[in-house]
Amino acid sequence: MRKARHISNATIGTIEPCVFLFLFLIVLPGFARAADSAPARPMIWVTPADRAPILAKIEAQPWARAAFDAMQARVADAVAQHQRDPDAFLRGLPLVPSRTDPSTHPTLAHIGGNQASDAESGARGKLQRFLLIGIDCGVLYFLTGDESYARCTADILHATVEAMVLMKPNESAGNGGWIYPDDHLYEARALGAQVPLLYDFVAGHLRSGATVHNLAVKRRVPFNFENAQQVFRTYARLAIEHGIINANWPVLELPSLTHNVLALDDPVERTRLLAYVTHEDTPHQDSLKKVVAEYAKPGAVWPESLQYSSGVSHLSTYLVALLRRQTPALALPAGYENIPLSLARLRDFRFPNGENIRFGDSPRRSGDGYDSYEIAYALGVREGDAALHSTFGALINLGVESGQYRRDTPRGHVSGASPYFGPLQLLWYAPTVAGKRAAPAPRTTDELGFVGAVLQRNLSPDGDPAHSLMAVVSGGAHVHSHASGMALELFGAGHVLGTPAGKGTYTTDDHENHRRLFAAYNCVIVNGASRSDGGWVNLGINTVEKISLEPAIGAAPVSPNHSFTLTGFVDDKGPGAKAKQERLVGLVRTSASTGYYVDVFRSQSALPDQFHDYLYHNLGEAASVTTATGPLPLTDSPKRFVAVAGAEWSRNRSYLFPGWHVFKSAQTSAPYAGDVAVNFTAAKLSPTPAAMCLFIPGAQGREYSSALAPLTKEAPAPYDKAPTPVLVIRQRGEAWTRPFAVIYEPSSGTSVSGAIRSVTALTQRGEFAGFKVVSQIAERSRTDYILVLPTADSAFADAVLGINFRGRYAVITLNERDECVALYLGAGSRLSFQGHELSSLSAGPTAAAVDLRGGGVNLTANSPAVFNGPRGKQFSRSPAVGTEVR
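Residues numbered from 1 in each chain as written. Predicted model: local features only at pLDDT ≥ 70, side-chain atom pairs only at ≥ 80, totals over all residues. Heavy atoms only, no water.

## A few points about the side chain of S362
Inference 1: By secondary structure assignment, the location of S362 is in the loop between α14 (338–345) and α15 (370–383).
Inference 2: Using a relative accessible area of 1% as the deciding quantity, one classes S362 as buried.
Inference 3: Looking at S362, its side chain comes within polar contact range of the main-chain nitrogen of L306, at 2.7 Å.
Inference 4: Leave out the neighbours within four places in its chain, and S362 touches S305, L306, Q307 and I357. (Helix = DSSP H or I, 4+ residues; strand = E, 2+ residues; numbered from the N terminus. Buried < 20%, exposed > 50% of the residue type's maximum accessible area, 1.4 Å probe, protein only. Polar contact = N/O pair within 3.5 Å; in protein donor to acceptor, adjacent residues only side chain to side chain. Contact = heavy atoms within 4.5 Å.)

## Describing the environment of S840
Inference 1: Inspection of the secondary structure puts S840 in strand β33 (residues 836–840).
Inference 2: Separated by 11 residues in sequence, S840 and S829 have C-alpha atoms that sit 4.9 Å apart.
Inference 3: With residues near it in sequence (within four places) discarded, S840 still touches G828, S829, T846, P864 and A865.
Inference 4: Among the polar contacts made by the side chain of S840, one reaches the main-chain amide nitrogen of S842 at a distance of 3.1 Å.
Inference 5: In this structure the side chain of S840 is engaged in a polar contact, spanning 2.6 Å, whose partner is the side chain of T846.

## Notes on the sheet that holds strand β16 (residues 595–605)
Inference 1: Spatially, the nine strands line up as an open sheet ordered β13-β14-β15-β16-β26-β23-β22-β18-β19, and their pairing is antiparallel. At either margin of the open sheet sits one strand with a lone partner, and together these are β13 (545–550) and β19 (630–631).
Inference 2: Bridging between strand β14 (residues 562–571) and strand β15 (residues 579–589) involves 10 bridges; their strand directions are antiparallel. Within β15, the residue paired with H562 across the bridge is V588. (Pairing = 2+ DSSP bridges.)

## Comments concerning helix α16 (residues 386–402)
Each α-helix winds once per 3.6 residues, and so residues spaced three or four apart point in a common direction.
Inference 1: Spanning 17 residues, α16 covers 24 Å between terminal C-alpha atoms, matching the ideal 24 Å at 1.5 Å per step.
Inference 2: Tucked inside the fold, the buried residues of α16 contact α14 and α15.
Inference 3: One side-chain oxygen at the N-terminal end of α16 lies 3.0 Å from the backbone nitrogen of A387; it belongs to D385.
Inference 4: Positive backbone phi, approximately 85°, marks G403, located one or two places after α16. (Expected span 1.5 Å × (residues − 1).)

Function cannot be read off these values alone, since they describe shape.
Okay, structure coming up:
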């Protein structure tokens, strides 16, 4: 057995099982109930009854032993310095001596928040470090009974409390703080959540008669409990009476509010103020009741950009677990269990390479919150909640097995605006974790309602993310949103190739006048005037709405090779656009390693003179635009992309719409009505080059532009430091009967050439009706007829081709002998091709698919459907697809 560290007079390594019972029954001096009404402490993170199980965990589990050893090592020097000279040690705090009375206890230096100066940042780091040392020492005193730890914590607590009671908080209701006079939001996390934890661990030690070092008189004195209670009461009041609501702000302050309320010794006062934590809202603070309401529907997440949404889920999960650990467990609003489950839900909005979908200020990359998974798992064990137990047991074990997570990695000190939860690794995490080593399978189609995001994915049968397909259409107003229009992201060759620009630095010209506006996204800008109005910092836009999709959210697809979404958007903020838009995006898999996207974007303005610009950004060096006869001639057009007339920038209020004035090296064609191919090559991507080829059937009134947009944030190297090529297709006049219709094919490898050989348009009465796509896969030809019609009861008939279709979306697939091998009815009532007929047997639109390969007939549908073969043979099928396994 490895040599054990000392715990009190015994070592963990030699404690016998019977001794644990003895330790469990012992009431150490620090945990004694005082004669007055003060509660037994500690009580915030742990109670005396938790001590023996934690010691047993340290003895039995190597990961817990590592955490315990690391905590001891982390504070060893500080404890030694404090023992040698408490006065010198405490003067490492950022103190401000009195100018008039040396006998007065020094105060603390005022510290700025996010905009702190270098000197303030140094003071901030010192004070935060002392508080974290104090918490660690308090935990070690709880576990070992070693009073050198208790004295260190108590002295840090006393010096802090005595300094703070001499200082007057800023009473500004907006964001007035105490040590951070203009930033309580920051202070609540960096300081406010920490101070009461020191008290909780050493209150019993202090009530037993222990003294504390006083910096004013330089000797040990009794601890002033009333001053400490005044600090906790004030921090609670600052959270309740300061700040804003209906955002993540109140949740960021809740740990401070909760800890400080629980540190109050008066049970009546504590109960009264806990109501502001659990269910009572104020004009400046939202309670957990309001937070829980945002998670009312299973699968919901907090309605802000991803980093803020995940942050709220992490903190709210902690608060739920904390309050349920109280004795007795606090009653929480119904549905609180949805909060920890949202941690897993956030994983559903990732591309096959693990990167996040992008909306608003969301980051492209973020790690898994394994510490929160541990808290959620432990909560599930305590509460007997099978969903929490199974969900997070699986994710934790998957992380361990994949090497992405180690339970024995010590949780060190934090910095900046973060509460300190590191000791919970030792105090709360379960000794062992049960559960399968797997994550829930992602849905084929999914949505994130508050941002209007609708996604569809087709993971490759060979398991290679580089061969997977995923597309997202999104747009909507929320806190930290962008005015994105109806935007598209496309995944291919293992990367998010079709991408928006990403978040810049807050308050900068680059961020506010480009990255947050339409031109940073793959959308359609109307009359050069698409803009936002109202909402968060005047970036309000309408929300993208679902119209039709297959499969339905949470349903299994009728075909392993197909899916589609049709969404709608109204671009009517401001006087210049006044447009309605619809976007159909389909995924077509053609083999285990190949496939393509269908994008049909309709846009029409109510204004008489209209034009529409279709934007597409893709990682790479440049965009090449070619026709059947060679490159499409482009000439310099430096004045092509300018801000709308009269646009002015006023920070967080008005912007230089639509955001394309930053485009460089713009070149534009003359009007061209023929078919066009556009190739984006990313030759420097690792491990292999990649390309995205666009096949664009022609239309009257078209002009094509290429330009360089600013670099894409968080793009794979080296494209995170280079301009992003952008294609802009201008349609003069309406783009409804002549929609922007594009086939996108990603490919990878040294040749970066895809499987598609040609794309032509299908038309009816001069209007666009779909595509004919011819591919060459494994030396065999394949033809897809893709039908895209404007309404649910639209019809298409072509006697020459032998096609008859009623509905919105369908695909007919032929083999190299031009034999029909598959029919996909995405949404419709009837699809026939040369004697093969797939029909609905119900009144509404049906999704159905029939696969004829191998000589058999495989029919799948989401409502009763029938297939008639060319020889009159009939195969009927009731619904055979249901919900996807989660």
